[in-house]
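Single-letter residue listing:
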Amino acid sequence: MSNDWQYPIDREIKLFNRMDELRRLNEGLEEIGAEVGWPQRAVLDLSLACEELVVNIVNHGFPDGGEHRIFVAIQASPSSVEVKIEDGGIPFNPLDEADPLALLDMELEDRPIGGLGIFFVKRLMDDIHYEYAGGLNRFRMRKQFGAGKQGQQLAEGT
Amino acid sequence: MNIQAMERNGVTIIPLEGRLDGSNAAVAEQAFLQLLAEGKQRFVFDFSGLQYISSAGLRVILVAAKKLRATKGRMICAGLGEQVYDVFEMSGFTTILEMAATVEEAVEKMEAGA
């Protein structure tokens, strides 16, 4: 099976390490979603996962400041997506962060501000992978949309 | 996001619209802190026009809740849409924050002092 068939859309969104770039990231995702026919909710979930990762890079990736690129590559089909995010910032594996499960049950007064972003990525996306190679942080994640429904139809159809 | 707060029976309503994310969370936080500095203590956050929230947006809500807890104020989150509700739930916010289905219900709860 060729990759072209699997992913009719293959696009790169190049961002600068600035918060106001989130708008362009989101516009890019909405555009792809509209072209390939994703449900609106799938676009929002994907937008959330991508935002959390990009915000992490913007906030922590380049402590010396300056303008840098963040590359977001999207391969999309009507029922699935694969996202690769690359940056040349300091090596940082977001998956090393422990899940904030203890935090979720805390009272309001005790709860720390933050620590949820990567947890959302793990909850919303599948097949998450990180490596540091060639001077780049390389993060990859996939998602199958509506897999549960298809499985149900298969079960009903037999 | 351009936030235009409204007063209703001594309750300050903050309407949130579109997306509350890393690019505008600071603006929303500033708007809330300004109202707090003016002496407002009872808030309803109106989420009915909000399509999307991220952890940066949640941070603003948590800051507001902590500030109001410290000053013995009160806030209710009203009218959450699907994505916003799910993110609240994933984060455990539905159990630590006061919620209402609509702004009207939230204002009534505030007025009743219940």
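Residue indices begin from 1 for each chain and proceed along its sequence in written order. Ligands are numbered from 1 and chains lettered from A, in the order in which they are written. The predicted nature of this model means local features are confined to residues of pLDDT at least 70 and side-chain atom pairs, given and counted, to a pLDDT of 80 or more, with totals for whole chains, interfaces and linings taken over all residues. To get the side-chain values, all heavy atoms of the structure are used, and hydrogens and water are removed first.

- You'll find chain B entered in an unreviewed UniProt entry as Anti-sigma factor antagonist, with Paenibacillus arenilitoris given as the organism.
- Recorded in UniProt under Sequence similarities (unreviewed entry), the annotation for chain B is "Belongs to the anti-sigma-factor antagonist family." UniProt positions are given in the numbering used here, feature names are shortened, and annotations may be inferred rather than shown by experiment.

- If you look chain A up in an unreviewed UniProt entry, it shows as ATP-binding protein from Paenibacillus arenilitoris.

## Examining empty space enclosed by the protein
Right, on to step 1. Both cavities and pockets are sets of points on a 1 Å grid over the protein atoms alone; in a cavity a 1.4 Å probe fits but cannot get out, in a pocket the set is open with protein on both sides within 12 Å along at least five of seven lines, and lining residues sit with an atom within 4 Å of a point. Grid points are joined across faces, edges and corners, and a volume is the space filled by probe spheres set on the points. Per the stated rule, a full pass over the model turns up five cavities of 30 Å³ or more.
Right, on to step 2. In this structure, the largest cavity encloses a volume near 150 Å³.
Right, on to step 3. Lining the largest cavity are 14 residues, with Ile-57, Asp-87, Phe-92, Pro-94 and Asn-137 of chain A sitting closest to its centre.
Right, on to step 4. Secondary structure elements are defined from DSSP: runs of H or I of at least 4 residues count as helices, runs of E of at least 2 residues count as strands, and each element is numbered from the N terminus. Counting residues per element, the lining of the largest cavity draws most heavily on helix α3 (residues 40-60) of chain A, at four residues.
Right, on to step 5. Residue composition of the lining of the largest cavity, by class: eight nonpolar, four polar and two charged.
Right, on to step 6. For the second largest cavity, the calculated volume is near 50 Å³.
Right, on to step 7. As for the second largest cavity, its lining consists of Arg-111, Pro-112, Ile-113, Gly-114 and Leu-116 of chain A together with Ser-55, Leu-58, Arg-59, Leu-62 and Phe-93 of chain B.
Right, on to step 8. For the lining of the second largest cavity, the element with the highest residue contribution is helix α2 (residues 55-70) of chain B, accounting for four residues. Amino acids are sorted into nonpolar (Ala, Val, Leu, Ile, Met, Phe, Trp, Tyr, Cys and Pro), charged (Asp, Glu, Lys and Arg) and polar (every other residue, Gly among them).

## Focus: the side chain of Asp-46 of chain B
All names here are of chain B.
Right, on to step 1. With respect to the element layout, Asp-46 can be found in strand β3 (residues 42-53).
Right, on to step 2. Accessibility here uses a 1.4 Å probe with only protein chains present; expressed as a share of the type maximum, an area under 20% marks a residue as buried, one over 50% as exposed, and anything in between as partly exposed. Charge counting treats Lys and Arg as positive and Asp and Glu as negative, with His and both chain ends excluded. We define a salt bridge as a side-chain nitrogen of Lys or Arg found within 4 Å of a carboxyl oxygen belonging to Asp or Glu. Buried charge without a partner: Asp-46 forms no salt bridge, and the closest opposite charge is Arg-8, 7.0 Å away.
Right, on to step 3. Leaving out residues up to four positions away in the same chain, Asp-46 has contacts with Ile-13, Ile-14, Pro-15, Leu-16, Ala-78 and Val-103. In this description, contact between two residues means that some pair of their heavy atoms is separated by no more than 4.5 Å.

## Here's the deal with the pairing of strand β3 (residues 80-87) of chain A
A regular strand carries its side chains on alternate faces of the sheet.
All names here are of chain A.
Right, on to step 1. Counting buried positions over the eight residues of β3 gives six, a clear majority of the element.
Right, on to step 2. Each pair of strands is called paired provided DSSP finds at least two bridges between the two strands. The hairpin formed by strand β2 (residues 69-77) and β3 contains two residues between the paired strands.
Right, on to step 3. Here eight bridges tie β3 to strand β5 (residues 136-144), and the two strands are oriented antiparallel to one another. Looking at the pairing, Lys-84 lines up with Arg-140 of β5.

## Let's talk about the confidence of the model for chain B
Right, on to step 1. The pLDDT score gives, residue by residue, the confidence of the prediction method on a 0 to 100 scale. Overall, the predicted model of chain B reaches an average pLDDT of 96, with 99% of residues at or above 70.
Right, on to step 2. Two summary scores accompany this predicted model of the complex, namely pTM at 0.91 and ipTM at 0.93.

## Focus on the layout of surface pockets
Right, on to step 1. In this model, the largest pocket occupies a volume close to 360 Å³.
Right, on to step 2. Every residue lining the largest pocket is counted, 18 residues in all, and those nearest its centre are Glu-52, Val-55 and Asn-59 of chain A together with Ser-55 and Ala-56 of chain B.
Right, on to step 3. Those elements that provide at least two residues to the lining of the largest pocket are α3 and α5 (117-124) of chain A together with α2 of chain B.
Right, on to step 4. By residue number, the principal contributor to the lining of the second largest pocket is α2 of chain B, which donates three residues.
Right, on to step 5. Classifying every residue of the lining of the second largest pocket gives six nonpolar, one polar and four charged.

## Concerning the pattern of salt bridges
Residues and elements named next belong to chain A.
Right, on to step 1. Tallied over the entire structure, the rule returns 24 salt bridges over all chains.
Right, on to step 2. Of the charged contacts, one joins Arg-142 and Asp-127 as a salt bridge, the two residues approaching to 2.3 Å between their closest N and O atoms. In this pair, Arg-142 is assigned in strand β5 and Asp-127 in strand β4 (residues 126-133), connecting sequence segments 15 residues apart.
Right, on to step 3. Note on Arg-142: relative accessible area 28%, which makes it partly exposed.
Right, on to step 4. We classify Asp-127 as partly exposed; its relative accessible area is 42%.

## What to know about the side chain of Glu-52 of chain A
Right, on to step 1. Counting through the fold element by element, Glu-52 of chain A comes out in helix α3.
Right, on to step 2. Arg-19 of chain B provides the closest opposite charge to the buried, unpaired Glu-52 of chain A, separated from it by 9.5 Å.
Right, on to step 3. Once residues within four sequence positions are removed from consideration, Glu-52 of chain A is found in contact with Gly-117, Phe-120 and Val-121 of chain A together with Ser-54 and Ser-55 of chain B.

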